[in-house]
Amino acid sequence: MMFDVKDLSLADKGKQRIEWARQSMPVLSLIQEEFSKTKPFEGLTIGACLHVTTETANLMIALKEGGANVVLCASNPLSTQDDVAASLVVHHNIPTFAIKGEDNKTYYSHINAVLDYKPNITMDDGADLVSTIHSTRKDLAANILGSTEETTTGVIRLKSMERDGVLLFPVIAVNDADTKHLFDNRYGTGQSTIDGIIRATNRMIAGSVFVVAGYGWCGKGLAERARGMGANVIVCEVDPIKALEAVMDGFRVMPMIEAAKIGDFFCTVTGDINVIRLEHFEVMKHGAIVANSGHFDVELDVKSLEEAAIEKRYIRDYVCEYTLKNTKIYVLAQGRLVNLSAAEGHPSAVMDMSFANQALSAKFIVDNKGILNKKVYKIPADIDSRIAALKLKSMGIKYDTLTQEQIEYLKSWSFGT
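Residues numbered from 1 in each chain as written. Predicted model: local features only at pLDDT ≥ 70, side-chain atom pairs only at ≥ 80, totals over all residues. Heavy atoms only, no water.

This brings us to the packing of helix 5 (residues 104–115) against helix 6 (residues 128–136). Put simply, helix 5 and helix 6 touch, their axes get as near as 10 Å, and they point 75° apart. Between helix 5 and helix 6, the angle falls in the class roughly perpendicular. Together, Tyr107, Tyr108, Ile111, Asn112, Val114 and Leu115 of helix 5 and Asp128, Leu129, Thr132 and Ile133 of helix 6 make up the contact between the two elements. (Axes fitted to C-alpha atoms, helices over the stretch in contact; angles between N-to-C directions. Helix = DSSP H or I, 4+ residues; strand = E, 2+ residues; numbered from the N terminus. Parallel < 35°, antiparallel > 145°, perpendicular 65-115°, else oblique. Contact = heavy atoms within 4.5 Å.)

Written out as structure tokens, the structure reads:
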């Protein structure tokens, strides 16, 4: 078995942490039990490019129980948990190619190592696996039944490929599932981003001015959690509807150039490029802390900051100090997603639903082999509802159902006042 991980001696520690995460993932555990009996992926290879965390490990184990040959690489150079990667190799015989802190060349060599297994289904978190297939490994496309995509950023890229008519196989947009973006993006990103910032800096958030760039589901969650920690939260937006929503939710809204002058903490969650630029860095207060929790490291214009800096030094593990002419700026985790680089990512309980969506979407691809077109599909509503129902059941929560009379009323046009 081929693999490339940091240190196999970390495997036992990783095994314990994987088991700990599993305790908070009851929905995925139920799906794994079902897969172990029905073997929906028998004879198929699933290639995954995901954050190599304890939660991802449990997804890989569930897919393998379903009969799949599973191979995994990291979807970000800084998000890998090395003990988890080692455990997947040692305890589960899953070829894994991921080392925390790997350089860009190694990162793409790991992606190609996964593709060398000629997967029938791919799983992505940011669409790097799919984009590599489309750019340099097109010969593999004919063998691929379909793909799943975990993130907003990845879905944006894939829908662009669909519009341009270049998408070579169907993709299920796992991110668009209600049980994913309403929970993972909001509650997961909100909590884990605050966790990453605190772990990296050990700075007090209460009483600070916390600037959130972007008010999608991730931004909403982050803004709410920062407010819950006692911060005075400012939201920066380009969409007037989202900006209005932020105002109605009780947040101040202003352009970044204004927020830059008064913020203590800044975090981007937009999915777009150069959201915080040199013109913003130059007017920030001395000691401003800047982070990104979007998928790619493009939201902060770190390149321009480095060119303008008089001095650069690492002052803590994930804190880089940039000295400008009139101020010092602290950038966290090289501008990469701070929740997975400086912390452990989303809590297992919320990833339970996201990865249940991944698992059932892969099964949906198999069940609809030859039927799906080369386009991006929203996850089927019945999968979404099933996952929500299973999650509620695991929490011991009951909920109402419609009476037959109510069902007929909602279907009818003839009832009036």
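Quick look at the layout of surface pockets now. Each pocket or cavity is described by its volume, and for the second largest pocket that value is around 280 Å³. Forming the boundary of the second largest pocket are 16 residues, of which Thr80, Gln81, Asp82, Asp83 and Lys100 lie nearest the centre. Among the secondary structure elements, those contributing two or more residues to the lining of the second largest pocket are helix 1 (11–22), helix 4 (82–92) and helix 14 (338–341). Considering only residue class, the lining of the second largest pocket consists of five nonpolar, four polar and seven charged. (1 Å grid on protein atoms, 1.4 Å probe; cavity = no way out; pocket = protein on both sides within 12 Å on 5 of 7 lines; lining within 4 Å. Points joined across faces, edges and corners; volume = space filled by probe spheres on them. Nonpolar A, V, L, I, M, F, W, Y, C, P; charged D, E, K, R; others polar.)

A sheet is described by the order of its strands in space; here seven strands give the open sequence 3-2-1-4-5-6-15, paired in parallel fashion. The sheet is open, and its two borders are formed by strand 3 (96–97) and strand 15 (376–378), each paired with just one other strand. (Pairing = 2+ DSSP bridges.)

Further remarks concern the environment of Ala308. Among the secondary structure elements, Ala308 is positioned in helix 13 (residues 302–308). The spatial distance from the C-alpha of Ala308 to the C-alpha of Glu237 is 26 Å, given a sequence separation of 71 residues. When sequence neighbours within four positions are dropped, the list of residues in contact with Ala308 reads Leu278 and Leu324.

What follows covers the side chain of Thr193. One can find Thr193 in helix 8 (residues 178–201). Residue class for Thr193 comes out buried when judged on its relative accessible area of 0%. Contacts of Thr193, omitting those with residues within four sequence positions, involve Leu222, Cys267, Ser293, Val338 and Asn339. (Buried < 20%, exposed > 50% of the residue type's maximum accessible area, 1.4 Å probe, protein only.)

What follows is about the nonpolar core. One finds Phe41, Leu59, Met60 and Leu63 to be the most contacted residues of the largest nonpolar core, which totals 47 residues. Elements with a minimum of two residues in this core: helix 2 (26–38), strand 1 (45–49), helix 3 (54–65), strand 2 (69–73), helix 4, strand 4 (121–124), helix 15 (348–367) and helix 16 (381–394). Non-local contacts of Leu59, meaning those with residues more than four positions away in its chain, are made with Leu28, Leu50, Met123, Phe355, Gln358 and Ala359. Counting residues in hydrophobic clusters, the runner-up holds 26 residues, among them Phe210, Cys218, Ala226 and Ala231. (Core = buried A, V, L, I, M, F, W, Y, C linked by side-chain atoms within 4.5 Å.)

Residues apart from glycine generally show negative phi values, whereas peptide bonds are mostly found in trans. For Lys39, which is not a glycine, the phi torsion comes out positive at approximately 50°. Turning to its location among the elements, Lys39 is positioned in the loop between helix 2 and strand 1. Note on Lys39: relative accessible area 33%, which makes it partly exposed. Non-glycine residue Ala127 carries a positive phi angle of around 70°. Topologically, Ala127 is positioned in the loop between strand 4 and helix 6.

So, on to the pattern of salt bridges. Within this structure, the stated rule accounts for 21 salt bridges. With a shortest N-O distance of 2.6 Å, Arg386 and Glu34 are connected by a salt bridge. With a gap of 352 residues between them, Arg386 in helix 16 and Glu34 in helix 2 connect regions that are remote in the sequence. Using a relative accessible area of 35% as the deciding quantity, one classes Arg386 as partly exposed. In this structure, Asp352 and Lys391 form a salt bridge, with 3.1 Å as the shortest nitrogen-oxygen distance. Placement of Asp352 in helix 15 and of Lys391 in helix 16 is noted, with a sequence separation of 39 residues between them. Comparing Asp352 with Lys391, the two get one shared label, buried. Connected via shared salt-bridge partners are Arg17, Asp83, Asp195, Arg199 and Glu344. (Salt bridge = Lys/Arg side-chain N within 4 Å of Asp/Glu carboxyl O.)

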